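Notes for the structure review
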Amino acid sequence: MREKLFVMAMMIVSAMCGCTAQESEPCDVFKTPAGTVVKMYCIKHGSVRMQVGDKWIYVDPVTTAVKPETDYSTLPQADYILVTHEHFDHLDLVAINQLSKPGTVLITNARCHEILGGKGDVMANGDNRTLAEGWTVEAVPAYNNSPEKLQFHPKGRDNGFVLTIEEMRIYIAGDTEDIPEMADLKDIDVAFLPCNLPFTMTPEQCAHAAQMFKPAVLFPYHYGQTDIQQVVKLLDGSGIDVRIRDYQ
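Residues numbered from 1 in each chain as written. Predicted model: local features only at pLDDT ≥ 70, side-chain atom pairs only at ≥ 80, totals over all residues. Heavy atoms only, no water.

So, about the overall build of the protein. Assigned secondary structure in the protein consists of five helices and 14 strands. For the protein, the C-alpha radius of gyration of 17 Å lies close to 18 Å, the compact-globule estimate for 248 residues. Dimensions of the protein, computed from the C-alpha atoms along their principal axes, are close to 45 × 45 × 35 Å. Looking at the protein as a whole, 54% of its 248 residues are labelled buried. Nonlocal contacts in the protein, meaning residues at least 24 apart in sequence, comprise 53% of its contacts between residues at least 6 apart. Accessible surface, the protein: about 10,800 Å² in total, of which carbon and sulfur atoms supply 54%. (Helix = DSSP H or I, 4+ residues; strand = E, 2+ residues; numbered from the N terminus. Rg over C-alpha atoms; globule rule 2.2 N^0.38 Å. Buried < 20%, exposed > 50% of the residue type's maximum accessible area, 1.4 Å probe, protein only. Contact = heavy atoms within 4.5 Å. Areas by Shrake-Rupley, 256 points an atom, 1.4 Å probe, with all protein chains shown as cover.)

In structure tokens, the structure reads:
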């Protein structure tokens, strides 16, 4: 298992950063062990877009609640939309409608499902689902555990997600602190961790979270006005490839 992890980590860390000259926007490019290209595009804040072959995955797409305004009708429609929780900067019906097409799979937690009038498939912490051949998604805990933050994201309500695509494992944490369950994460190749006070993590917590499961590549995201370079400094020498993109 350790040998497999080393090979996968080397594969991902050495992958080309940025797309071809024909691309109109920057992205990070990876390959799965089977050779499938995975492109990751930064939208903003907690909104992530991924292209896997000819499929498109969106996480927490938001139009106007977070600046700059995003018109998702100009982007490729989604094959999969994942919504971590119901806060306005993560759940946006306008964005979901703009991205949806016949066959789009929408995955939410129970509260989002209720707010959306029954739209979407509900996953709770610990649930697993097959998305396609060789693709799975697991819902994992995302919550606050600092006493002064418990009201923001209570334990058991919200999800983080672990996407496994042909053995490449991508962790999108959602809004959370450095909770003990992160130590149970295994073989994470790419991780998105939030770093935004007062709602999620300090730079120190974000670095500690990354050290708990040691992803090959870390994108700090949802960072607002945080001095995000502090995460880079704290993880210097850790072996984790910290990549800062415009997830303010």
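Here the narrative resumes.
Our focus in this paragraph is the sheet that holds strand 6 (residues 105-108). The seven strands lie next to each other as 1-2-3-4-5-6-7, forming an open sheet whose pairing is mixed. Each end of this open sheet is capped by a strand with a single partner; those strands are strand 1 (28-31) and strand 7 (121-122). Direction of pairing for strand 2 (residues 37-44) relative to strand 3 (residues 47-52): antiparallel, over a ladder of six bridges. Bridging across to strand 3, cysteine 42 finds its partner in valine 48. (Pairing = 2+ DSSP bridges.)

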